[in-house]
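Listed here are the chains, written in short residue letters.
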Amino acid sequence: MDLESNYEIARTASFIRSRNFTRVALQFPDELLKDSTRVARALRDKLRSSEDNASDKDIGLYVMADTAYGSCCVDEVGASHMTADCVIHYGHTCLSPTSTLPALFVFGKAPISVSDCAENLYNQVSTCAKPVMVLFGLEYAHAIHDIKAALDIESSRSQGSTSRLELYFADVICSVMTPSENSKPSNGNVGLDDGLSANQGSGNAIDTRYSIGGLSWILAEGHTIQEYLLYWVGADNAAFANAVLTFNGCEIVRYDAAENVLVTDVSHQRRILKRRYYLVEKAKDANIIGILVGTLGVAGYLHMIHQMKELITRAGKKAYTLVMGRPNPAKLANFPECDVFIYVSCAQTALLDSKEFLAPVITPFEAMLAFSRGSQWTGAYVMEFQSLMTSFPVEVKGQLEEARFSFLQGGYVEDFDSEEITEENGDGTLALVKATEKALRVVDNDHQLVTKGSAKSGAEYFAAHRSYHGLGIESNNSLPEPFLIEPTGIFGGVGWDG
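As annotated in an unreviewed UniProt entry, the protein chain carries the name 2-(3-amino-3-carboxypropyl)histidine synthase subunit 2 and comes from Rhododendron simsii. Checking UniProt for the protein chain, the heading Cofactor (unreviewed entry) contains the comment "[4Fe-4S] cluster". On record in UniProt, under Sequence similarities (unreviewed entry), the comment for the protein chain is "Belongs to the DPH1/DPH2 family. DPH2 subfamily."

Turning next to the overall build of the protein chain. Assigned secondary structure in the protein chain consists of 13 helices and 19 strands. By residue count, 50% of the 498 residues in the protein chain fall in the buried class. Here the analysis covers contacts within the protein chain between residues at least 6 apart in sequence; of these, 70% occur between residues at least 24 apart. For the protein chain, the accessible area works out to roughly 23300 Å², and carbon and sulfur atoms hold 48% of it.

This part covers the sheet that holds strand 5 (residues 132–136). Reading across from one edge, 6-5-11-12-13 is the order of the five strands in this open sheet, with mixed pairing throughout. A single partner strand is all that each edge strand has here, and the edge strands are strand 6 (167–169) and strand 13 (261–263). Taken over all neighbouring pairs, the strand axes of this sheet differ in orientation by 25° on average, direction set aside. Two elements, strand 5 and strand 6, share three bridges in a ladder whose sense is parallel. If you follow V132 over to strand 6, its bridge partner there is L167. Against the sheet, helix 5 (residues 114–127) touches strand 5, strand 6, strand 11 (229–233), strand 12 (251–256) and strand 13, its axis set at about 170° to strand 11.

With respect to the helices, strands and loops of the structure, T93 is situated in the loop between strand 3 (86–90) and strand 4 (103–106). Classification of T93 by relative accessible area gives buried; the value is 1%. For T93, the side chain forms a polar contact with the main-chain nitrogen of L95, separated by 2.9 Å. With residues up to four places along the chain from it excluded, the contact list for T93 reads C72, F105, F107, L138 and Q348.

Using the criterion set out here, one finds eight salt bridges in the structure. We note a salt bridge from R11 to E8, for which the minimum N-O separation is 2.6 Å. Among the residues examined, R11 registers a relative accessible area of 31% and is labelled partly exposed.

A word on the packing of aromatic side chains. Aromatic ring pairs are reported here in terms of the distance separating the ring centres and the angle at which the planes meet. Inspection of every chain in the model, using the stated rule, returns 11 aromatic pairs. Taking 6.5 Å as the distance between ring centres and 55° as the angle between the ring planes, the aromatic pair formed by Y7 and F28 counts as tilted. Separated by 21 residues along the polypeptide, Y7 in the loop between helix 1 (3–6) and helix 2 (9–18) and F28 in the loop between strand 1 (23–27) and helix 3 (36–48) bring together distant segments of the chain. Each member of the pair, Y7 as well as F28, carries the same accessibility label: buried. Since its relative accessible area comes to 2%, F28 is described here as buried.

The subject of this paragraph is the sheet that holds strand 9 (residues 208–212). The three strands are arranged 7-10-9 in an open sheet whose pairing can be described as antiparallel. Looking at the sheet topology across the chains shown, the edges are occupied by strand 7 (171–172) and strand 9. Bridging between strand 7 and strand 10 (residues 215–219) involves two bridges; their strand directions are antiparallel. Bridge pairing in strand 10 links V172 to L215.

If you check the backbone angles, E8 has positive phi at about 50° while not being a glycine. On the accessibility criterion, E8 (18% relative accessible area) is buried. Even without glycine at this site, L95 takes up a positive phi of about 55°. Inspection of the secondary structure assignment puts L95 in the loop between strand 3 and strand 4. Judged by its relative accessible area of 6%, L95 falls in the buried class.

L121 and W217 are the most contacted members of the largest nonpolar core, which totals 59 residues. Structurally, this core is a two-domain feature, drawing no fewer than three residues from each of domain 1 (3–106) and domain 2 (114–180 + 208–264). Excluding residues within four positions of it along the chain, W217 makes contact with M133, L135, A170, T208, R209, Y210, I212, I225 and F247.

Analysis parameters
- Residues numbered from 1 in each chain as written.
- Predicted model: local features only at pLDDT ≥ 70, side-chain atom pairs only at ≥ 80, totals over all residues.
- Heavy atoms only, no water.
- UniProt positions renumbered as here; feature names shortened; annotations may be inferred.
- Helix = DSSP H or I, 4+ residues; strand = E, 2+ residues; numbered from the N terminus.
- Buried < 20%, exposed > 50% of the residue type's maximum accessible area, 1.4 Å probe, protein only.
- Contact = heavy atoms within 4.5 Å.
- Areas by Shrake-Rupley, 256 points an atom, 1.4 Å probe, with all protein chains shown as cover.
- Pairing = 2+ DSSP bridges.
- Axes fitted to C-alpha atoms, helices over the stretch in contact; angles between N-to-C directions.
- Polar contact = N/O pair within 3.5 Å; in protein donor to acceptor, adjacent residues only side chain to side chain.
- Salt bridge = Lys/Arg side-chain N within 4 Å of Asp/Glu carboxyl O.
- Phe/Tyr/Trp six-rings, centres within 6.5 Å; stacked < 30°, edge-to-face > 60°.
- Core = buried A, V, L, I, M, F, W, Y, C linked by side-chain atoms within 4.5 Å.
- Domains from an automatic or database assignment.

Below you can see the structure in the form of structure tokens.
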């Protein structure tokens, strides 16, 4: 493997230099960690070899791994621990918008037989009665230009012309991202890619722009995506599942670049849709709902959490907000009181197979179907929660902002014992947070947790029912305060990662 080319060392160094970053976080997924030291060394050497290096400060490079949530998202929390100016994200990504840090995405260059892919694609287009839209995993973006060139060759061999073929390619939204302040709701089709180029359409406002998984394309007036055959280039992974469920009304085929074969049967992915709507029906009977925070970096996540709380409260149910990194059956088993969980995360990590869980885990879209009065499934399925957001403001301590370490202050809340817990001290939310944390630490002189009968709040009730209460670290002023979660609903709730 050509390290310089595959990890785009020169381009990354230029990005860092051009923006005068001095502390850079390098985020690697587990499968690429083996290359992290070589990449960091090559990038450092490239930066030091710059002609203008003498006038610049030393640039610190910090390797990040073991993200608390999905590795496809930018780990802004991890980067903030090292006060990084930006994140270089390597490998597979969902290209979800960031909240606070700029990011450069290095997709990688997965191997693919360009000639074989072009031949399969040409045969598909030639025999299909529908126009064809080519979508692809971002790791194959590097090969799209070569595939288009190979199609021209394939067409000339067949004495045809690619200009007469109804064939279109999606574009990559971006590879550089700046913090997004746009959390406005979309129409379900429009993504985050305003002003980008597209392969077709007149560019007028009446055209429809689609975006999914970092890809974008435009359909001209009067056309819908259901009229197209979708040709996916890539693996059968979360990105492909996202496309299948979102465009479940389309005919879809997949070119497996690893095996050099065209897969026309994607029924196993479509069966997931039936399972998801079974969970929606099951969720309708829930009384206590846990909101699982599946990201602390994707722009708008806090807005969606508040929207879910409001939805649940209007439905006359109780809600608890829980943060625990990547959920698993053992973690969620600590909250048997919850009848269902809503997982707020990026589109490519949203679908948890909850067959082994004690309670179903659903997405925000499924929650809106389950808890909104009179809602009915129209056949549409929405994976990205940004497409669901309404316009009500999410106010945190008097201003609109995304949380970092806590949902309130962007850090740890300290000295809560020294303040009287009244609404006059601040907003009611902060008072509830302080009361909730106290409830979780209520112990008697023998360091025993409160009994079930003495519970006076939802947090105390949760704590009293736990068979496992963490590592039992004694109170120590030198230790940081616990990670706080904002309470909600009738009782309020707190979650922790045991």
